[in-house]
Amino acid sequence: MLTGKAPQPEDIHASAEGEQIWLNVIGKMEETWGQLIGQQVELERNNAALQEAHAFMASVFESMSDVLVACDTALRIVRTNTAAEKLFAPAGQSIVGVRLEELIAPSSGLKAGDVAGCMTRREGLEDREFQFSTRSGALPFAVNGTLLYDRRQRLSGIVLLGRPLGEVRRAYSELDQAHRNLKAAHVQLVQAEKMASLGRLVAGVAHELNNPISFVYGNAYTLKRFIPRLVSYLAHIHAHPGAAQFERERKALRVDMVVSELDGTLDGIVEGAERVRDIVADLRRFSSDRRSAGAVFDMAAVVRTGLEWVLASADRMVETRMDVEEPLEVEGHAGRMQQVIMNLVQNALDAMEDVPRPVLCITARRDGARVHVQIADNGSGIAPDVASHIFDPFFTTKPVGKGTGLGLAICYGTVSDHGGQFAVRNGAEGGAVVAFDLPAFAPGCAATPGEG
């Protein structure tokens, strides 16, 4: 038989409270454990992201072709990239821990003290030129610098990013050359459009001139055929016995002189009409897109003939210096090229109008597969504001009524049609120099004017 004291109500109540407290403690522990697990997962996730970002930044640093050097406040190198290590460090070594001043060449205009000064003033560096001592010797670098701060915004160092100026200068040179090529292409396109516009204009002018010139030319020949009949008729009248009573009027009206001048006058009219007819034909050929085949001719003879014709009508003596090889065979149109020579020579004479002692120098020679012709004068030369418009249609520096502004434009087009290149510049000793070249004729290699 068991005996004992029965549990009292207050003991049962205390036991229940203890169990409840214990259950609350266990619940809080489980809640805290769940939070710790969540924080651990988040920490691991952030750590993975941090490692990925670190790896990405490291790959960026290592792939940079520019030199990157990070220094502390004492200008001691704490980090670099592969490009810097290859450029500065001896094989198998590193420049981490080296002072920045040891990398700067003695010949550098900027020193480590300048970098320290920027840090003191809390300023960065922007495109400052340093000379660095590399494994290949002293080289110029364009350096940019950015200050580093810690989490408390205290200065902790500076990051220097340098690019070899040789690469920068080469890039600038390539960019400048590309810009020059673009400008040259633009000028050529503008010139081609001007020539096309000129061609359309000339075609219309030539068409309008063709009919009246044909009329003058045809009637002049008709009158030329009628003159022998008139002369014969007047001779019969003058031989008549009754002609003596008209002798006074015959002398007063100078009939005999008029009759003697008829042939020469009509010859001049016919010659002028033929000249205009040839000019119209040349204008039509100039404006035409068709490239008709020419014949082989001697450019030396064309130069000499064109020069003689212009000088024959000149109103003053001009010293002429000739240096022309013979022969200079070219395939094309001799008449059109002779007009080019005459036009250029006449322009040179006009440019020397106020020169006390005009000198005209003409050279023509063959150089390989090209024939070069040059006409130089000792005039006032070409003004800078004129050079860019010198081939423009209707642009002229001559007084009103003395120039049409089409001469050089037509010369340019004619030379281009013959496969040549045209250039105008100022001479080294003054005056203007006009030069062009043409493809030299090579037997067995027929060239079509305008191609090449």
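Scope of this entry: the structure provided in the associated data block. (Residues numbered from 1 in each chain as written. Predicted model: local features only at pLDDT ≥ 70, side-chain atom pairs only at ≥ 80, totals over all residues. Heavy atoms only, no water.)

1. Observations regarding the overall build of the protein
Here is step 1 of the chain: From N to C terminus, the protein includes 10 helices and 12 strands.
Here is step 2 of the chain: Relative to its 452 residues, the protein shows a buried fraction of 30%.
Here is step 3 of the chain: Within the protein, counting contacts between residues at least 6 apart in sequence, those at least 24 apart form 62% of the total.
Here is step 4 of the chain: Accessible surface computed for the protein: about 28900 Å², of which carbon and sulfur atoms make up 57%. (Helix = DSSP H or I, 4+ residues; strand = E, 2+ residues; numbered from the N terminus. Buried < 20%, exposed > 50% of the residue type's maximum accessible area, 1.4 Å probe, protein only. Contact = heavy atoms within 4.5 Å. Areas by Shrake-Rupley, 256 points an atom, 1.4 Å probe, with all protein chains shown as cover.)

2. Comments concerning unusual backbone geometry
Here is step 1 of the chain: With omega at -10°, the peptide bond leading from glutamate 326 into proline 327 counts as cis.
Here is step 2 of the chain: One can find proline 327 in the loop between strand 7 (319-324) and strand 8 (329-332).
Here is step 3 of the chain: Even without being a glycine, aspartate 127 presents a positive backbone phi close to 50°.
Here is step 4 of the chain: Structurally, aspartate 127 can be placed in strand 3 (residues 125-134).

3. Digging into a nonpolar patch on the surface
Here is step 1 of the chain: Taken together, the side chains of Ile21, Trp22, Leu23, Val25, Ile26 and Met29 present a nonpolar region at the surface, about 610 Å² in accessible area.
Here is step 2 of the chain: Topologically, isoleucine 21 is positioned in helix 1 (residues 9-63).
Here is step 3 of the chain: The exposed category is assigned to isoleucine 21, whose relative accessible area is 54%. (Patch = residues over 30% accessible without salt bridge, like charges linked within 9 Å, V, L, I, M, F, W, Y side chains within 5 Å. Salt bridge = Lys/Arg side-chain N within 4 Å of Asp/Glu carboxyl O.)

4. Comments concerning the packing of helix 7 (residues 299-312) against helix 8 (residues 334-351)
Two numbers describe a pair of packed helices, the interaxial angle and the distance between the axes.
Here is step 1 of the chain: The interhelical angle for the contact between helix 7 and helix 8, taken along N-to-C directions, is 45°, at an axis separation of 8 Å. Considering their axes alone, helix 7 and helix 8 lie oblique with respect to each other. Crossing hand, helix 7 versus helix 8: right-handed. Taken together, the residues of helix 8 that come into contact with helix 7 (itself represented by Met299, Val302, Val303, Thr305, Gly306, Leu307, Trp309, Val310 and Leu311) are Ala334, Met337, Gln338, Ile341, Met342, Val345, Gln346 and Leu349.
Here is step 2 of the chain: Class assignment for the residues of the contact of helix 7 with helix 8 results in 13 nonpolar, 4 polar and no charged. (Axes fitted to C-alpha atoms, helices over the stretch in contact; angles between N-to-C directions. Parallel < 35°, antiparallel > 145°, perpendicular 65-115°, else oblique. Left-handed = near helix turned anticlockwise from the far one by under 90°. Nonpolar A, V, L, I, M, F, W, Y, C, P; charged D, E, K, R; others polar.)

5. Overview of the nonpolar core
Here is step 1 of the chain: Membership of the largest hydrophobic core comes to 35 residues, with the highest contact counts inside it found for Met299, Met337, Leu344, Val345, Leu360 and Phe436.
Here is step 2 of the chain: Secondary-structure elements contributing two or more residues to this core are helix 7, helix 8, strand 9 (359-367), strand 10 (370-377), helix 10 (407-417) and strand 12 (432-439).
Here is step 3 of the chain: Setting aside chain neighbours within four positions, we find leucine 344 in contact with Ile375, Leu408, Cys411, Phe422, Val434 and Phe436.
Here is step 4 of the chain: Within the second largest apolar cluster, 26 residues are counted, among which are Cys71, Ile104, Leu147 and Ile158. (Core = buried A, V, L, I, M, F, W, Y, C linked by side-chain atoms within 4.5 Å.)

6. Regarding the environment of phenylalanine 422
Here is step 1 of the chain: In this fold, phenylalanine 422 is placed in strand 11 (residues 421-426).
Here is step 2 of the chain: Along the primary structure phenylalanine 422 and cysteine 411 are separated by 11 residues, whereas in three dimensions their C-alpha atoms are 8.5 Å apart.

7. Examining the sheet that holds strand 7
Here is step 1 of the chain: Spatially, 7-9-10-12-11 is the arrangement adopted by the 5 strands of the open sheet, whose pairing is mixed. The open sheet terminates on both sides in strands that have one partner only, identified here as strand 7 and strand 11. With direction set aside, neighbouring strand axes in the sheet form an average angle of 10°.
Here is step 2 of the chain: Note that strand 11 and strand 12 share 6 bridges and pair antiparallel. (Pairing = 2+ DSSP bridges.)

8. Remarks on the sheet that holds strand 2 (residues 77-80)
Here is step 1 of the chain: Strands sit in the order 2-1-5-4-3 across an open sheet of 5 strands; the sheet is antiparallel. Looking at strand neighbours, the two that pair on one side only are strand 2 and strand 3, the edges of this open sheet. Strand-to-strand, the axes of this sheet are offset by a mean angle of 30°, without reference to chain direction.
Here is step 2 of the chain: The sheet contact formed by strand 4 (residues 137-149) and strand 5 (residues 155-164) spans 9 bridges and is antiparallel. By the bridge assignment for strand 5, leucine 148 is matched with glycine 157.
Here is step 3 of the chain: Sitting on the sheet, helix 3 (residues 112-120) touches strand 1 (67-72), strand 3, strand 4 and strand 5, and the angle it makes with strand 5 is about 135°.

Everything listed is a geometric property; what it means functionally is a separate question.
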